[in-house]
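Working through the structure, step by step
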Amino acid sequence: MSTATNEGRGSMIGAAAGNAAQPTADHALLPSAQPVQLIDPEGHHTHDDRYPLPDGQKLLSVYGRLVAGRRINDQANALVRQGRMAVYPSSHGQEACQVAAAVVLDDQDWLFPTYRDTVAVITRGVDPLEVLTLLRGDWHGGYDPYEHRVATQATPLATQLLHAVGVAHAAKLRGEPTVVLAMCGDGATSEGDFHEALNFAAVFHVPVVFLIQNNEFAISVPLKSQTVAPSLAHKAIGYGMPGERVDGNDLAALLSVLGSAVDRARDGGGPSLIEAHTYRMQAHTNADDATRYRSADDVERWVPKDPILRMRTYLRGLNLLTDDGERALAVEADAIAAAIRNGLNTEVDVNPGELFEYVFSEKTSQLREQAEQLREELARGTDAEHGAPIDGATNQTKGDRP
Amino acid sequence: MTQTTEAPARGIGDQADAVASPVPRSTSTFAKALNAALADAMESDAAVLMFGEDVGRLGGVFRITDGLTARFGEERCFDTPLAEAGIMGMAVGMAMNGMKPVVEMQFDAFAYPAFEQVVSHVAKMPNRTRGKVRLPIVIRIPYAGGIGGVEHHCDSSEAYYAHTPGLTVLAPATVRDAYFMLREAIASPDPVVFLEPKKLYWSKEEVDLAELRRTYDGGQAPRRIGRAVVARAGTDATLISYGPSVPTALAAAAAAAEEGRSIEVIDLRSIVPFDDETVCESVRRTGRAVVVAEAPGFASVASEIVARVQERCFHSLAAPVLRVTGFDIPYPSPKLERFYLPSVDRILDAVDNLQWED
Ligand SMILES: Cc1ncc(C[n+]2csc(CCOP(=O)(O)OP(=O)(O)O)c2C)c(N)n1
Ligand SMILES: [Mg+2]
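Residues numbered from 1 in each chain as written. Chains lettered and ligands numbered in written order. Predicted model: local features only at pLDDT ≥ 70, side-chain atom pairs only at ≥ 80, totals over all residues. Heavy atoms only, no water.

Quick notes on the overall build of chain A
- When helices and strands are tallied, chain A shows 15 helices and nine strands.
- Relative to its full complement of 402 residues, chain A shows a buried share of 53%.
- Put simply, 73% of the contacts in chain A that link residues at least 6 apart link residues at least 24 apart. (Helix = DSSP H or I, 4+ residues; strand = E, 2+ residues; numbered from the N terminus. Buried < 20%, exposed > 50% of the residue type's maximum accessible area, 1.4 Å probe, protein only. Contact = heavy atoms within 4.5 Å.)

Next up, the structure:
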C-alpha cells in the first residue's frame, strides 16, 4: 500500500475523449491550456469536451448558496466595522469556489478550509455562529470538527494540507470511501508544507483533492512574485498527479471539475490538484489597505466577471430563476445574516477557568495550581477593564513559607 | 557510533514492577526494550502505526523498528518520503481520523523541519477544539550526545518542546522505563515527545521483556508520566537529572559515597508534566541540590527546575541550587564533546560547592 501504483494515473481528471493524438502519461497530467469554463461572464454556456454542464436545477439550487455566501461576507464585514468581530478575511468575489468546494462533497467526506473559507464552512452545514467564534475572539475555534467533518480553519499557511493527507490516508487504510478536499491560496503554494503534502498524497496515492484559490494576491504580493511556473496547476505534474485549471468565478465549471476530481479520488484514482482562477475583490482583511499595492482599475476589471452575476444571467436566461425565486433567495440570505447579526450582537460570557481545561486531557499539577491562582484572583476581584488583578500580581507561584 | 563509556543504568526503575521470579532473568538493551514496546503496542491495538524515515525495511538507523514491517505489514510500519513536516502533519491528520501514529524523527536536529507542525498543531489542536480533537501521537526522537556523533546528531532539544504548552515530554533513562514509558506514551490521549538518549541505546539491564509486557498489559506497571523516581537514595544532597544524564549522576553519587557523602539521585523520567512533589520532597529532606542535564544551561529545563526548587524549598535549602549543564555553545564535535558533557568530576565539584559546614 505504501508504494503507489501507477494505476489510474494515466487518465485525465475528465474523460480523455476529444484528444486526437494518443496522449502520453505526462501530457495527461498537465492542465488544459486555458482554465476550464462552462459559462462565460456574459452568462452563455461555452462547450467543453471533457466537462459536462451540470443541469439547470442543480445550478439553481447551488445558486441560492452563492447568494447566501455573498450576504454572509457582507454581514461579516459590517460586524467588523461595528467592532463585533476582530477581523474578517472576506471571500467576496470567490463565493463560487467557496460554495462548490462544500457541495461537491458527501457527508462521509472531509473539508480542510483556511481562514478565508468561512463561507465554504457554513455552506457545508456548520453553524455560522460557531464558525465566527474564532473571529469574534472568544476561543480559537468554535465548532466540533467531527460534526460536519470540517477541520478547523487553518491560519499557518499550507499546514492543513498535510492533515488532509493524513485523514485520507487513515480512511484508505480502513477501506473507507472518504474523500478529502483541502483548500489553500496561491501564496500558500510557496510554502514547504504545500510541496510535502502533494508529494505525500501522490506517493501514498490517497484520495485528496487540493483546491488552490488563486485570487492573485498573498496580502500585497502578486502571484508573479511567488512563482514563474506556467500555472499553479502545472505543479501537479512534478508530483505525478493530474493538475487542472478552472475559471474560479464559474460555478458550473467548478462543480464539474471538482466533482470529477472527487469521483476520481473516490474510485481509487488518487489525488489531484485544481487551480481556480479568481480574484480577491476586497482587501486581505479589514485591517489591510489594498490601495498601497493595487489600483481601483485592477479591481474594476474583475467586476463584470462576478460569479453571482454570471450565474444569475445564465439562470434568468433559461427562465429557471424568476423574480419570485430571487425574492425567496434574498429572504433566505437575509435570515442567515440576521441570525449572524443577532448572535454576534449578544455578548458571550467567556470563562477564564476554561483556559486550563483542554491543554492536556488531564490537568497537570502545574496547571491545577495556575487555574487555582486565577480563580483566587477573580474571587478577590479584578480590574476587568485591563484583565489584570487589582493588586498587580501576575503568575505568582506559591512560595515556600516557613 | 562509539559505545558509551558511561556506567549503564542498573535497574533503577520502580521496584514495584519487579515481580519476584525464581528463574534467572535475561538481559535486554534499551533499544530492544523500545522495539518490544512498539511491537507489543501494535499487537494490542490495530490503530497504532509506525512511520518515518528508514523505519521500514531497514528497521530505523538505530534499529528501534526492526522487524515491525515484516511482522505487521507495510500498512502498519512504513517509510515516508524524506520530509519531517510531512511526517508530522500527516500524523496529525491520521490521529484526527482514528489512528495512533508513532513517528520517528531520525535524529534530534532533523526534527526541526517539523517544528511548525509540532508547535502550531500537535500542541494546540486539542485546546483549539476544546478537547474535541485529541491527538494521540508519539514523536520518537533519538536524542542528545555522548556518542561521538558529528554536527546535527547530538542536540538536546528538550527545552523547545517543554516550553510548548500541550506537549508531554518524556526522557527514559533505564531499560525498564524505556519499555514502560513508550507503552504509556502510545496509550496516552495526548501528544508525547519521546526523547530516546542515543548513548543509552546499547545499555543493558537484567530484564525479561515478556515479563515487562505481562506487567504492563496486566495493569501492574505504575504510572510513569508525571512521576519522577528516586534512582538512588541518599541524605546529604539531591542530584536531579533525566535521560542521558541519569547514569552520570548515579556514577557521581557512587563516587561521592566513597568520599563519605550520601547523595540522592532523582530520575525525572517525565519533564512535562513535571513532578514537583517527588523533587521537592527530596530536596526538603537533603537541603542541597544540583541539577544535571546535557543541554546548554541558559533558558533550559535545568533553569526551570532550579527556579521551581528555589520557589518551593527555599527555607529548607542550605545552599543555592546549582546546575551542571552543557555550555552555552553549539554541541561540540566528537573530539571535543568530553569537555562539554556533564561529567562525574564536574558534578562532584558542584556538590563540593554546596556550602558544607564541615
Ligand atoms: C506560515 C505563515 N506565514 C505567514 C502568514 C501570514 N499570512 C496570512 S494570510 C497570508 C497571505 C496568504 O495568501 P494566499 O495563500 O494567496 O491566500 P489568500 O489570503 O489570498 O486567500 C499571509 C502571508 C501565515 N498565516 N502563515
Ligand atoms: Mg491569494
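From this point, the narrative continues.
Structural notes on the sheet that holds strand β6 (residues 168-170) of chain B
Residue and element names in this part refer to chain B.
- Here seven strands make up an open sheet; going across it, the order is β3-β2-β4-β5-β7-β6-β12 and the pairing mixed. Two strands close off the open sheet at either side, each with one partner strand: β3 (77-79) and β12 (270-272). Ignoring which end each strand starts from, the neighbouring axes of this sheet average 20° apart.
- Pairing between strand β2 (residues 48-52) and strand β4 (residues 100-104): five bridges, direction parallel. Its bridge partner being in β4, glycine 52 is matched across the sheet by glutamate 104. (Pairing = 2+ DSSP bridges. Axes fitted to C-alpha atoms, helices over the stretch in contact; angles between N-to-C directions.)

A few points about the interface of chain A and chain B
- With 49 residues of chain A in contact, the opposing surface of chain B contributes 55 residues.
- Both faces combined, the contact of chain A with chain B buries some 4300 Å², and carbon together with sulfur accounts for 56% of it.
- Summed over the shared surface of chain A and chain B, the result is two salt bridges.
- One can count 16 residue pairs in polar contact (both at pLDDT 80 or more) joining chain A with chain B.
- Looking at the side of chain A that touches chain B, the elements that each hand over two or more residues are β1 (110-112), α7 (145-148), α8 (159-173), α9 (192-204) and α15 (365-380) of chain A. (Buried area = accessible area lost by both parts, 1.4 Å probe. Salt bridge = Lys/Arg side-chain N within 4 Å of Asp/Glu carboxyl O. Polar contact = N/O pair within 3.5 Å; in protein donor to acceptor, adjacent residues only side chain to side chain.)

Remarks on the packing of aromatic side chains
Residues and elements named next belong to chain B.
- Under the counting rule described, the total for this entry stands at 21 aromatic pairs over all chains.
- Here tyrosine 112 and tyrosine 160 contribute two aromatic rings whose centre-to-centre distance is 5.9 Å and whose plane-to-plane angle is 80°, an arrangement assigned as edge-to-face. With tyrosine 112 in the loop between β4 and α4 (115-122) and tyrosine 160 in helix α6 (residues 158-162), this residue pair connects regions lying 48 residues apart in the sequence.
- Tyrosine 160 sits in the partly exposed class, given a relative accessible area of 45%.
- One cation-aromatic arrangement involves arginine 261 over tryptophan 356; the distance from NZ or CZ to the ring centre is 4.2 Å.
- The ring of tryptophan 356 carries arginine 288 above its face, with NZ or CZ at 4.2 Å from the centroid. (Phe/Tyr/Trp six-rings, centres within 6.5 Å; stacked < 30°, edge-to-face > 60°. Lys NZ or Arg CZ within 6 Å of the ring centre and 35° of its normal.)

Digging into the side chain of B:Glu264
Residue and element names in this part refer to chain B.
- The topology assignment puts glutamate 264 in strand β11 (residues 263-267).
- Exposure remark for glutamate 264: the relative accessible area of 2% places this residue in the buried category.
- Of note is the side chain of glutamate 264, whose polar atom sits 3.0 Å from the backbone nitrogen of glycine 234.
- Within polar-contact distance, the side chain of glutamate 264 engages the side chain of serine 282 at 2.8 Å.
- Residue contacts for glutamate 264: discarding those within four places in its chain leaves Val230, Arg232, Ala233, Gly234, Ala237, Thr238, Leu239, Ser282 and Arg285.

Topic: the nonpolar core
- Within the largest apolar cluster, 95 residues are counted, with the highest numbers of intra-cluster contacts made by A:Phe210, B:Met96 and B:Ile139.
- If we skip the residues at most four places from it in the chain, A:Phe210 touches A:Leu161, A:Val165, A:Ala182, A:Ala197, A:Leu198, A:Ala201, A:Met241, A:Pro271, A:Ser272, A:Leu273 and A:Ile274.
- By size, the runner-up hydrophobic cluster in this structure holds 62 residues, among which are A:Ile39, A:Ile122, A:Val246 and A:Leu255. (Core = buried A, V, L, I, M, F, W, Y, C linked by side-chain atoms within 4.5 Å.)

Overview of a negative patch on the surface
- A contiguous patch of negative charge on the surface is contributed by B:Asp54, B:Glu74, B:Glu75 and B:Asp79.
- Within the secondary structure layout, B:Glu74 lies in the loop between α2 (68-72) and β3. (Patch = residues over 30% accessible without salt bridge, like charges linked within 9 Å, V, L, I, M, F, W, Y side chains within 5 Å. Areas by Shrake-Rupley, 256 points an atom, 1.4 Å probe, with all protein chains shown as cover. Lys, Arg positive; Asp, Glu negative; His and termini not counted. Charge placed at Lys NZ, Arg CZ, Asp CG, Glu CD.)

Side note on the site of ligand 1
- Neighbouring residues of ligand 1: 16 residues in total, closest A:Tyr115, A:Arg116, A:Asp186, A:Gly187 and A:Phe217.
- One chain alone does not account for the residues near ligand 1; they come from chains A and B.
- Interatomic distance of 2.8 Å between a side-chain N/O atom of A:Tyr115 and an oxygen atom of ligand 1.
- With respect to ligand 1, the backbone of A:Gly187 contributes an N or O atom lying 2.8 Å from an oxygen atom.
- Tallied by class, the residues present in the shell around ligand 1 amount to seven nonpolar, five polar and four charged. (Near = heavy atom within 4 Å. Nonpolar A, V, L, I, M, F, W, Y, C, P; charged D, E, K, R; others polar.)

Some remarks on the domain arrangement of chain B
Residues and elements named next belong to chain B.
- Structurally, chain B comprises domain 1 (26-217) and domain 2 (229-352).
- A separation of 26 Å is found between the C-alpha centroids of domain 1 and domain 2.
- Taken together, the contact pairs 27 residues of domain 1 with 21 residues of domain 2.
- Roughly 1700 Å² is buried in total at the junction of domain 1 and domain 2, and carbon and sulfur atoms are behind 61% of that figure. (Domains from an automatic or database assignment.)

A closer look at the environment of A:Ser32
Residues and elements named next belong to chain A.
- Locating serine 32 in the fold gives a position in the loop between α1 (25-29) and α2 (56-81).
- For the pair serine 32 and glutamate 244, spaced 212 residues apart in the sequence, the C-alpha separation amounts to 6.4 Å.
- What serine 32 contacts, discounting residues up to four positions off in sequence, is Arg50, Glu244 and Arg245.
- Reaching out from serine 32, the side chain makes a polar contact with the side chain of glutamate 244 at a distance of 2.6 Å.

As for the domain arrangement of chain A
- Split into domains, chain A comes out as domain 1 (4-344) and domain 2 (352-396).
- Centre-to-centre, using C-alpha coordinates, domain 1 of chain A lies 41 Å away from domain 2 of chain A.

Regarding the UniProt feature "domain: Transketolase-like pyrimidine-binding" (unreviewed entry) in chain B
- When the UniProt feature table is mapped onto this chain, "domain: Transketolase-like pyrimidine-binding" (unreviewed entry) is found at residues 28-203 of chain B.
- In this annotation, residues 28-203 of chain B is assigned 36% helix and 17% strand; the end-to-end C-alpha distance for the span is 8 Å. (UniProt positions renumbered as here; feature names shortened; annotations may be inferred.)

Quick notes on the sheet that holds strand β9 (residues 229-232) of chain B
Residues and elements named next belong to chain B.
- Strand order in this open sheet of five strands is β9-β11-β10-β13-β14, and the pairing throughout is mixed. The open sheet has two edge strands with one neighbour each: β9 and β14 (322-326). The sheet shows a mean angle of 25° between the axes of neighbouring strands, taken without regard to direction.
- Packing against the sheet, helix α13 (residues 344-352) makes contact with β10 (237-241), β11, β13 (289-296) and β14, and its axis sits at approximately 160° to β14.

Considerations on the coordination of the magnesium ion (ligand 2)
Residues and elements named next belong to chain A.
- Summarising the metal site, the magnesium ion (ligand 2) is bound by the protein donors Asp186 (OD), Asn215 (OD1) and Phe217 (O), whose distances to it range over 2.0 to 2.1 Å.
- Positions of the donor residues of the magnesium ion (ligand 2), expressed as sequence spacing, correspond to D-x28-N-x1-F. Taken as a pair, aspartate 186 in the loop between β2 (180-185) and α9 and asparagine 215 in the loop between β3 (208-214) and β4 (217-218) lie far apart in primary sequence, 29 residues in all.
- On the basis of relative accessibility, which here comes to 1%, the residue aspartate 186 falls in the buried class. (Donors = N, O, S within 2.8 Å, 3.2 Å for Na, K, Ca; no water.)

Quick notes on the pairing of strand β6 (residues 243-247) of chain A
Residues and elements named next belong to chain A.
- Of all five residues in β6, five are buried, a share of seventy percent or more.
- Here β6 shows no split at all, with Gly243, Arg245 and Asp247 on one side and Glu244 and Val246 on the other all buried.
- Bridging between β6 and strand β7 (residues 272-277) involves five bridges; their strand directions are parallel. Residue pairing for β7: glutamate 244 is matched across the bridge by isoleucine 274.
- As for the winding sense of the linkage, the β-α-β connection from β6 through helix α11 (residues 251-266) to β7 is right-handed. (Right-handed = clockwise from strand over helix to strand, strands pointing away.)

Looking at the packing of α2(A) against helix α14 (residues 323-345) of chain A
Residue and element names in this part refer to chain A.
- The N-to-C vectors of α2 and α14 enclose an angle of 35°; their axes lie 9 Å apart at closest approach. Like other packed secondary-structure pairs, α2 and α14 cross with a definite hand, here right-handed. Every residue of α14 that contacts α2 at Tyr63, Gly64, Val67, Ala68, Arg71, Ile72, Gln75 and Leu79 is listed here: Glu326, Leu329, Ala333, Asp334, Ile336, Ala337, Ile340, Arg341, Leu344 and Asn345.
- Classifying every residue of the contact of α2 with α14 gives 11 nonpolar, three polar and four charged. (Left-handed = near helix turned anticlockwise from the far one by under 90°.)

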